[in-house]
Amino acid sequence: MKLRFQKDAIVNGINIVMKAVPSKTTMSILECILIDASTNEIKLTGNDMELGIETRVEGDILEHGKIALDAKLFSEITRRLSSENASVTIESDDKFNTTISCENSVFNIQGRDGEEFAYLPYIEKDKYICLSQFTLKEVIQQTIFSISPNDSNKMMAGELFEVNENQLKVVSLDGHRISIRKVRLKDHYEDTKLIVPGKTLSEVSKILGGDNEKEVLIYFSTNHILFEFDNTIVVSRLIEGEYFRISQMLSSDYETKVSVNKKEFLDCIERATILIRENDKKPLIINIGDNSMELKLNSSFGSMNADLMIHKTGKDIMIGFNPKFLIDALRVIDDEEINIYMMNPKSPCFIKDEEENYIYLILPVNFNAATV
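What this report covers is the structure whose coordinates are included nearby. (Residues numbered from 1 in each chain as written. Predicted model: local features only at pLDDT ≥ 70, side-chain atom pairs only at ≥ 80, totals over all residues. Heavy atoms only, no water.)

## A few points about the overall build of the protein chain
Helix and strand counts for the protein chain come out as six helices and 25 strands. Judged by the C-alpha coordinates and their principal axes, the protein chain covers about 80 × 50 × 40 Å. For the protein chain, buried positions account for 51% of its 372 residues. Here the contacts in the protein chain between residues at least 6 apart in sequence split such that 68% fall between residues at least 24 apart. (Helix = DSSP H or I, 4+ residues; strand = E, 2+ residues; numbered from the N terminus. Buried < 20%, exposed > 50% of the residue type's maximum accessible area, 1.4 Å probe, protein only. Contact = heavy atoms within 4.5 Å.)

Here it is in structure tokens:
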């Protein structure tokens, strides 16, 4: 095999597929990146058996072939080669001895037989949806923070993708909060529900360019999901099982509704968190009166008080929250003004828009009113 690339093209391709190369595995072949130039295009593949990524790379095929190269070594060598537009040549013989050369640098490394590499599973392309790269990237970023990747409950490590005619609903939760985003699709599709690992969505989000003009095709099978965009495909196993019945956790009842400027509210909470260290679980106390919201936070480092102008309907309320949960939700909401719905100091609060395109449910925390 003999191939020639521009340095930035091969480095970009490696960076994409490296996201599916496992850091620890008992199968050493999976620590490699497959270079497949056996056809008229050059494809790089990484695969950890749960997540697989394949991307096409622009380059010249001087001799066809395929080889697997140690991913970490391959990445380090190509990244440290000369200038961005330098020409990189990769050549291997029938014993998989591989030479990587660029201008005045030549590396000789040992490759492995590409036939040993684990190929990505084949996915039937009959069930699918289509949406823009921008929308998918945004939806992931607006929900991914409320999964619980280290939880013993595997459902909390994934997100629910629910398609209903021309709507996609994405749901994540971690036991303290729920994030929901709804997106209107251009066409009507077959109804489906599946649970996608958070790790997969996180990696897809990093690769997506976020262009509103470019589309992503998402294919579903019984056990897998496939994302196809630009020159890349990402295949992942799904999480098996029945997702939580969140409809019974969502209520339209409220005793207090507050409308507040999102940026002012977020800035105020972020200032308060200056007084909190990482493992400190001090609540942010919110005291809502007629036209103002008072925010208080006390920690071993000091205290902060702030007042914000609001529009309130309903009852006064004093309620406490983990400030991080509020920050996570507020940062991904684009609206200038937000609506917060509350029932009482022990019931969840809801931050949502009128059309419920986004819903963020956050459980309050207990606090001692006498010390506030």
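## What about unusual backbone geometry?
Positive phi values are uncommon outside glycine, yet phenylalanine 96 reaches one of about 70°. As for its position among the elements, phenylalanine 96 is in the loop between strand 7 (87-92) and strand 8 (97-102). Phi at glutamate 103 takes a positive value of approximately 50°, unusual for a residue other than glycine.

## So, the sheet that holds strand 2 (residues 32-37)
The antiparallel open sheet is built from nine strands, whose spatial order is 10-6-2-3-4-16-15-14-11. Edge strands, defined here as strands with exactly one partner in the open sheet, are strand 10 (112-113) and strand 11 (128-132). In terms of strand pairing, strand 11 meets strand 14 (residues 215-220) through five bridges, oriented antiparallel. Looking at strand 14, one finds that leucine 131 is bridged to valine 216. Across the sheet, helix 2 (residues 71-79) lies against strand 2 and strand 6 (65-70), angled at about 95° from strand 6, the strand it touches most. Of the strands in this sheet, strand 11, strand 14 and strand 15 (224-229) touch helix 3 (residues 133-141), which is tilted by about 95° from strand 11. (Pairing = 2+ DSSP bridges. Axes fitted to C-alpha atoms, helices over the stretch in contact; angles between N-to-C directions.)

## A short note on the side chain of lysine 312
The residue lysine 312 is located in strand 21 (residues 311-314) in this model. Owing to a relative accessible area of 12%, lysine 312 belongs among the buried residues under this scheme. One polar contact links the side chain of lysine 312 to the main-chain carbonyl oxygen of glycine 314, over a distance of 3.2 Å. Here the side chain of lysine 312 touches aspartate 316 through a polar contact of 2.4 Å, side chain to side chain. With near-sequence residues (within four places) excluded, lysine 312 lies in contact with Thr256, Lys257, Val258, Ile288, Gly289 and Asp290. (Polar contact = N/O pair within 3.5 Å; in protein donor to acceptor, adjacent residues only side chain to side chain.)

## Section: the sheet that holds strand 13 (residues 177-197)
Strand order in the open sheet made by the seven strands is 12-13-25-24-23-17-21, with antiparallel pairing throughout. Every interior strand has two partners, whereas the edge strands, strand 12 (158-173) and strand 21, have only one. With direction set aside, neighbouring strand axes in the sheet form an average angle of 20°. Packing of helix 3 onto the sheet brings it into contact with strand 12 and strand 13, and relative to strand 13 it is tilted by some 155°. Along the sheet face, helix 4 (residues 198-207) touches strand 12 and strand 13 and points at about 65° away from the line of strand 13.

## A word on the environment of isoleucine 317
Structurally, isoleucine 317 can be placed in strand 22 (residues 317-321). Counting along the chain gives 229 residues from isoleucine 317 to valine 88, while the straight-line C-alpha distance between them is 65 Å. The residues contacting isoleucine 317, other than those within four sequence positions of it, are Thr256, Ile286, Asn287, Ile288, Met342, Met343, Asn344 and Pro345.

## Some words on the nonpolar core
In terms of nonpolar packing, the biggest core is built from 57 residues, with Ile35, Phe74, Ile129, Leu136, Ile218 and Phe227 touching the most fellow members. Each residue touching isoleucine 218, except ones within four places of it in the same chain, is listed here: Lys127, Tyr128, Ile129, Leu131, Leu136, Ile225, Leu226 and Phe227. Within the second largest apolar cluster, 38 residues are counted, among which are Leu295, Ile317, Phe325 and Tyr358. (Core = buried A, V, L, I, M, F, W, Y, C linked by side-chain atoms within 4.5 Å.)

## Regarding the pattern of salt bridges
Enumeration over the complete set of coordinates arrives at 26 salt bridges. Across the salt bridge formed by lysine 296 and glutamate 294, the nearest N and O atoms sit 3.8 Å from each other. A residue is classified by how much of its surface remains accessible, and glutamate 294, at 22% relative accessible area, is partly exposed. Members of the salt-bridge network, linked through shared partners, are Asp174, Arg177, Lys324 and Asp328. (Salt bridge = Lys/Arg side-chain N within 4 Å of Asp/Glu carboxyl O.)

## Side note on the packing of helix 1 (residues 7-17) against helix 2
At a minimum axis distance of 10 Å, the contact between helix 1 and helix 2 shows a crossing angle of 150°. By the criterion of interaxial angle, the relationship of helix 1 to helix 2 is roughly antiparallel. Crossing hand, helix 1 versus helix 2: left-handed. Residue-level contacts link Lys7, Ile10, Val11 and Ile14 of helix 1 to Phe74, Ser75, Thr78 and Arg79 of helix 2. (Parallel < 35°, antiparallel > 145°, perpendicular 65-115°, else oblique. Left-handed = near helix turned anticlockwise from the far one by under 90°.)

## Regarding the layout of surface pockets
Its boundaries defined by the atoms lining it, the largest pocket holds a volume of some 570 Å³. Glu278, Lys281, Asn322, Lys324 and Phe325 are, among the 21 residues lining the largest pocket, the residues nearest its centre. (1 Å grid on protein atoms, 1.4 Å probe; cavity = no way out; pocket = protein on both sides within 12 Å on 5 of 7 lines; lining within 4 Å. Points joined across faces, edges and corners; volume = space filled by probe spheres on them.)

## Thoughts on empty space enclosed by the protein
What the rule picks out here adds up to one cavity of 30 Å³ or more. Size it by volume and the largest cavity reaches roughly 40 Å³. Lining the largest cavity, in full, are Phe265, Ile286, Ile288, Met293, Phe321, Leu326, Ile340, Met342 and Cys349. Elements supplying a minimum of two residues to the lining of the largest cavity: strand 18 (284-288) and strand 23 (337-342). For the lining of the largest cavity, a count of residues per class yields nine nonpolar, no polar and no charged. (Nonpolar A, V, L, I, M, F, W, Y, C, P; charged D, E, K, R; others polar.)

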